[in-house]
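# A structural walkthrough
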Amino acid sequence: MLSMDELRSVLQQVGEERYHHRHPFHALMHDGKLSRGQLQAWALNRYYYQSVIPIKDAIILSHSDDPEFRRAWRKRIADHDGDSRSKDGGIKRWLKLAEATGLDAERVASKSEVLPATRYAVNEYLNLVRTRPLMEAVASSLTELFSRDLITLRMDRLRQHYPWLAGGLDYFEARLEQASEDAAFAVRYVHANAKTREDQEKAIQALRDKCDILWAQLDALYFAYVQPGWPPPGAFRIEN
């Protein structure tokens, strides 16, 4: 069995090797080489992912009969949907970012122009948490262990290269704190509930699978809007 520190180290290594910070689409973004239209395509497609995060978390909640776990996990739904104290959850904040790119919020929220490959990848995340044991579903969320570094870099580069996006970065500001808190809880849960070395390997694999899902979304964006630049029928098209 891996100790807590050893498990965390292995999970961090998964992120170093497979997280989507290494994807060419993000490299173009961080180097300031994406057009406004390409950023619009990213914001519109990424919204589909953002919109299902509370659904994903509700599925995870439905698998637990532990009130203490449910109390801790349901915070994630409020973080994205908003609540009576903070009406602007992550979903609304993402729409604000999409508006900063020049898109209409209702157009984005309709999800009618999302790439088919984006839908397949995101829906597979729902399938993952729906069909796997609770511990593995929780482990799949642990991209939060290394998302903070990417968010920090992204905010810096977006401000530097795309100053007209500055008014739409509230989503990332909020996630800096939320992601760290959520990751700390999730890694403790995985360590406590992986009862064998095999269980720990399944948790590590669940995180790899989540990284693959995030990578696949960027593959779809790159193919449709960078090279060769072939968006399928019905998908968002960049206006020249």
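Preceding this section is the structure that the text describes.
Report follows, based on the coordinates. Owing to the predicted nature of the structure, the values given are computational and were not obtained by experimental measurement.

### Some remarks on the environment of Val138
Tracing the backbone shows Val138 in helix H8 (residues 134-140). By relative accessible area, Val138 is classed as buried at 0%. Those residues in contact with Val138 that lie beyond four places of it in its chain are Ile60, Phe69, Trp73, Ala186, Tyr189 and Val190.

### A closer look at the packing of aromatic side chains
What the rule picks out here adds up to 14 aromatic pairs. An angle of 85° between the planes, with centres 5.1 Å apart, marks the rings of Trp94 and Tyr171 as edge-to-face. Placement of Trp94 in helix H5 (residues 90-100) and of Tyr171 in helix H10 (residues 170-193) is noted, with a sequence separation of 77 residues between them. Considered together, Trp94 and Tyr171 belong to a single accessibility category, that of buried residues. Seen in terms of ring centroids, Trp94 and Phe172 are 5.7 Å apart; in terms of plane orientation they differ by 75°. Their pairing is edge-to-face. With a gap of 78 residues between them, Trp94 in helix H5 and Phe172 in helix H10 connect regions that are remote in the sequence. Among the aromatic residues, those joined into a ring-pair cluster are Trp42, Trp94, Tyr171 and Phe172. One Lys or Arg, Arg36, reaches over the ring of Trp164 and ends 3.8 Å from the middle of that ring. Its guanidinium or amino end placed over the ring of Trp73, Arg76 lies 3.7 Å from that ring's centre, counting from NZ or CZ.

### Notes on the packing of helix H3 (residues 36-62) against helix H4 (residues 67-81)
The geometry of H3 relative to H4 is characterised by a closest axis approach of 9 Å and an angle of 165° between their N-to-C directions. For the element pair H3 / H4, the angle class is roughly antiparallel. Two packed elements cross with a definite hand, and for H3 against H4 that hand is left-handed. Facing H3, whose interface residues are Gln50, Ile53, Pro54, Lys56, Asp57, Ala58, Ile60 and Leu61, H4 presents Phe69, Arg70, Trp73, Arg74, Arg76, Ile77, His80 and Asp81. Across the contact of H3 with H4, the residue classes tally to eight nonpolar, two polar and six charged.

Each value, and the rule that gives it
Residues numbered from 1 in each chain as written. Predicted model: local features only at pLDDT ≥ 70, side-chain atom pairs only at ≥ 80, totals over all residues. Heavy atoms only, no water. Helix = DSSP H or I, 4+ residues; strand = E, 2+ residues; numbered from the N terminus. Buried < 20%, exposed > 50% of the residue type's maximum accessible area, 1.4 Å probe, protein only. Contact = heavy atoms within 4.5 Å. Phe/Tyr/Trp six-rings, centres within 6.5 Å; stacked < 30°, edge-to-face > 60°. Lys NZ or Arg CZ within 6 Å of the ring centre and 35° of its normal. Axes fitted to C-alpha atoms, helices over the stretch in contact; angles between N-to-C directions. Parallel < 35°, antiparallel > 145°, perpendicular 65-115°, else oblique. Left-handed = near helix turned anticlockwise from the far one by under 90°. Nonpolar A, V, L, I, M, F, W, Y, C, P; charged D, E, K, R; others polar.

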